[in-house]
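Structural description and commentary
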Amino acid sequence: MPLPTSQEKDSIDSQPQQFASDNYSGICPDAWEAMAEANVGYARSYGEDEWTSRAAEMFRELFEYPCEVFFAFNGTAANSLALASLCQSYHGVVCADSAHVETDECGAPEFFSNGSKLLTVATTNGKILPEVVREIVLRRSDIHFPPPRALTISQATETGLVYRPDEIAALAETARSHKMHLHMDGARFSNACASLGCTPAEISWKAGVDVLCFGGTKNGMAVGEAIVFFNRELARDFDYRCKQAGQLASKMRFLTAPWIRMLENGSWLSNAAHANTCAQRFAEGIKGLDGIDVMFEVDANAVFVRASEEVFQALRDRGWRFYTFIGGGARFMFSWDSREDRINELLADFREIAG
Ligand SMILES: *Cc1c(COP(=O)(O)O)cnc(C)c1O
């Protein structure tokens, strides 16, 4: 493919910032520099390099726990392979009906587990409650239905809410009492830590999480999610699972060097805190506008807006991009590089449209 001409390049550079997804953002300077610094000389491949062992060590320090750590390219693979390691093919996995594993992974959890069935539960706001877990577990116990063996929760949820430590502990307790493991989809785990002001340990193993998929991409990396096993028994042969699934990066250092840098200097948390603050600012700014409502509490970096289709169309006409796949509301996601001036432009458009 030919490189863009300078004219085309100008138009790319001038594409205004959008808040449709935290994945619209590029790579943050820390991650980019760490990759560049790892790009010298030769290193052992397939995760046998110094960066990868150092990154795993840094996760053990961060979590204050001797966890087993693996790295995959993306969240779909991380979630699917982690869930597969908790289940036999004839087991069930309880998840929210809005969960990414259910709505956005194209059946990968079922595929990689050779058929473990996702058992969705309805929620009012994206958060799973212990009683609905109990209800689905107790509903059937006959040979014709896959017995639930795992519970998966998203932290933060797809609706932008954050589970508090006591809420996670209650879910873990319910899961454990029914011989289920607890998986956490932490594509936005950093945002949850920043929101709660908790240590990573407090909302993972201390609250009873068996395995966490800790997202890097949405927090400013190019690629790379960490799969963190606190229940180390469950990590058995996980390296083979990754390899078979095409998720063992031969040049692993380019996934792990950014983790080292961002865990070392704290930008994993400050990036997320910035994104959360931007979401708060935006939510504050639209509060009280006629015909505009914020649908869910703004705990993390997402704001869901309920408004008429006319309002959405007027926003689109002004060049704004957003998705409406959750509850029909417009989702605005903020990320490590969200800019105040663009948030102000969005707010100004909202104010004008709302009249
Ligand atoms: C983005 C996201 C993922 C990961 O998705 P990939 O596109 O596969 O990296 C997983 N869970 C949630 C809740 C997400 O928002």
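Criteria and cut-off values
- Residues numbered from 1 in each chain as written.
- Predicted model: local features only at pLDDT ≥ 70, side-chain atom pairs only at ≥ 80, totals over all residues.
- Heavy atoms only, no water.
- Near = heavy atom within 4 Å.
- Polar contact = N/O pair within 3.5 Å; in protein donor to acceptor, adjacent residues only side chain to side chain.
- Areas by Shrake-Rupley, 256 points an atom, 1.4 Å probe, with all protein chains shown as cover.
- Helix = DSSP H or I, 4+ residues; strand = E, 2+ residues; numbered from the N terminus.
- Nonpolar A, V, L, I, M, F, W, Y, C, P; charged D, E, K, R; others polar.
- Domains from an automatic or database assignment.
- Buried area = accessible area lost by both parts, 1.4 Å probe.
- Salt bridge = Lys/Arg side-chain N within 4 Å of Asp/Glu carboxyl O.
- Buried < 20%, exposed > 50% of the residue type's maximum accessible area, 1.4 Å probe, protein only.
- Pairing = 2+ DSSP bridges.
- Expected span 1.5 Å × (residues − 1).
- Arc of directions from axis to C-beta.
- Contact = heavy atoms within 4.5 Å.
- Axes fitted to C-alpha atoms, helices over the stretch in contact; angles between N-to-C directions.
- Parallel < 35°, antiparallel > 145°, perpendicular 65-115°, else oblique.
- Patch = residues over 30% accessible without salt bridge, like charges linked within 9 Å, V, L, I, M, F, W, Y side chains within 5 Å.
- Disulfide = S-S within 2.5 Å.
- Left-handed = near helix turned anticlockwise from the far one by under 90°.
- Core = buried A, V, L, I, M, F, W, Y, C linked by side-chain atoms within 4.5 Å.

**Details of the site of the ligand**
- Taken together, N74, G75, T76, N79, H100, E105, E158, D185, A187, R188 and K218 form the complete shell of residues around the ligand.
- At 2.6 Å from a nitrogen atom of the ligand is found a side-chain nitrogen or oxygen belonging to D185.
- The separation between an oxygen atom of the ligand and a polar side-chain atom of K218 is 2.6 Å.
- For the ligand, whose unbound accessible area comes to 380 Å², protein coverage reaches 83%.
- It is helix α4 (residues 75-84) that provides the largest number of residues to the shell around the ligand, a total of three residues.
- Counted by class, the shell around the ligand contains one nonpolar, five polar and five charged residues.

**Notes on the domain arrangement of the protein chain**
- Segmenting the protein chain into domains produces domain 1 (6-27 + 267-354) and domain 2 (29-265).
- Between domain 1 and domain 2, roughly 2,200 Å² of surface is buried when both sides are summed, and carbon and sulfur atoms account for 60% of that area.
- Of all residues in domain 1, I27, S267 and W268 give up the largest surface area on contact with domain 2, accounting jointly for 37% of the area buried on that side.
- There are one salt bridge connecting domain 1 and domain 2.

**Points about the environment of G266**
- Positionally, G266 belongs in the loop between α11 (253-265) and α12 (267-286).
- Taking the C-alpha atoms as reference points, G266 and S308, separated by 42 residues in sequence, lie 41 Å from one another.

**What to know about the pattern of salt bridges**
- For the structure on display, the rule yields 21 salt bridges.
- The partner of K127 in a salt bridge is E167, with the nearest N and O atoms 3.0 Å apart. In this pair, K127 sits in the loop between β3 (117-121) and α7 (130-139) while E167 sits in helix α8 (residues 165-177), placing the two residues 40 residues apart along the sequence.
- Judged by relative accessible area, K127 falls into the buried class, the value being 14%.
- Several salt bridges share partner residues, and in doing so they unite K127, R164, D166 and E167 into one network.

**Some remarks on the sheet that holds strand β8 (residues 293-294)**
- Spatial ordering of the open sheet is given by β8-β9-β10, a layout of three strands whose pairing is antiparallel. Each of the sheet's edge strands pairs with one partner strand only, and the pair in question is β8 and β10 (330-333).
- As judged from the two bridges shared by β8 and strand β9 (residues 302-306), these two strands associate in the antiparallel manner. Of the residues in β9, the one forming a bridge with V294 is V305.

**Remarks on helix α14 (residues 340-354)**
- Given a rise of 1.5 Å per residue, 15 residues ought to cover 21 Å, and the 21 Å separating the end C-alpha atoms of α14 matches this to within 8%.
- Residues R342, I343, L346, L347, D349, F350 and A354 constitute the buried set of α14. Each buried residue of α14 lies within a common arc of 160 degrees when the element is viewed along its axis, so the set occupies one face.
- On its buried side, α14 packs onto α12, β9, α13 (309-317) and β10.

**Some points on the packing of helix α9 (residues 189-196) against α12**
- Interaxial distance between α9 and α12 falls to 8 Å at its minimum, and their mutual angle equals 75 degrees. Judged by the inter-axis angle, α9 sits roughly perpendicular to α12. Seen from α9, the contacting residues are S190, N191, C193, A194 and S195; seen from α12, they are W268, L269, A272, A273, A275 and N276.

**Digging into a nonpolar patch on the surface**
- A cluster of nonpolar side chains, Y24, Y323 and F325, forms an exposed patch at the surface whose accessible area comes to about 310 Å².
- Note that Y24 resides in the loop between α1 (6-13) and α2 (29-38).

**Some words on α4**
- By the criterion of burial, α4 is predominantly enclosed, with eight of the ten residues buried.
- You can read the cap of α4 off the contacts: a side-chain oxygen lies 3.4 Å from the backbone nitrogen of T76, and it is on N74.

**Considerations on the state of the cysteines**
- Enumeration according to the criterion identifies zero disulfides in this entry.
- Looking at C213, it has no disulfide partner, and the nearest cysteine sulfur is the one in C242, 9.8 Å off.
- Residue class for C213 comes out buried when judged on its relative accessible area of 4%.

**Some thoughts on the environment of Q88**
- Structurally, Q88 can be placed in the loop between α4 and β2 (92-96).
- Residues Q88 and P146, 58 residues apart in the sequence, show an inter-C-alpha distance of 9.8 Å.

**Digging into the packing of helix α3 (residues 50-63) against α11**
- At a closest axis distance of 8 Å, the pairing of α3 and α11 adopts a crossing angle of 35 degrees. Seen from above, α3 lies across α11 with left-handed handedness. In this structure, α3 uses W51, T52, R54, A55, M58, F59 and L62 to contact α11, whose residues at the interface are R253, T256, A257, W259, I260, L263 and E264.
- Among the residues forming the contact of α3 with α11, the class breakdown is nine nonpolar, two polar and three charged.

**A look at the nonpolar core**
- Of all hydrophobic cores here, the largest spans 78 residues; its most connected members are F59, F63, L151, F214 and I227.
- Element by element, the count of residues in this core is highest for α3, at six residues.
- Per-domain counts for this core show at least three residues from each of domain 1 (6-27 + 267-354) and domain 2 (29-265).
- Leaving out residues up to four positions away in the same chain, F59 has contacts with C67, V69, F71, F214, A226, V228, W259 and L263.

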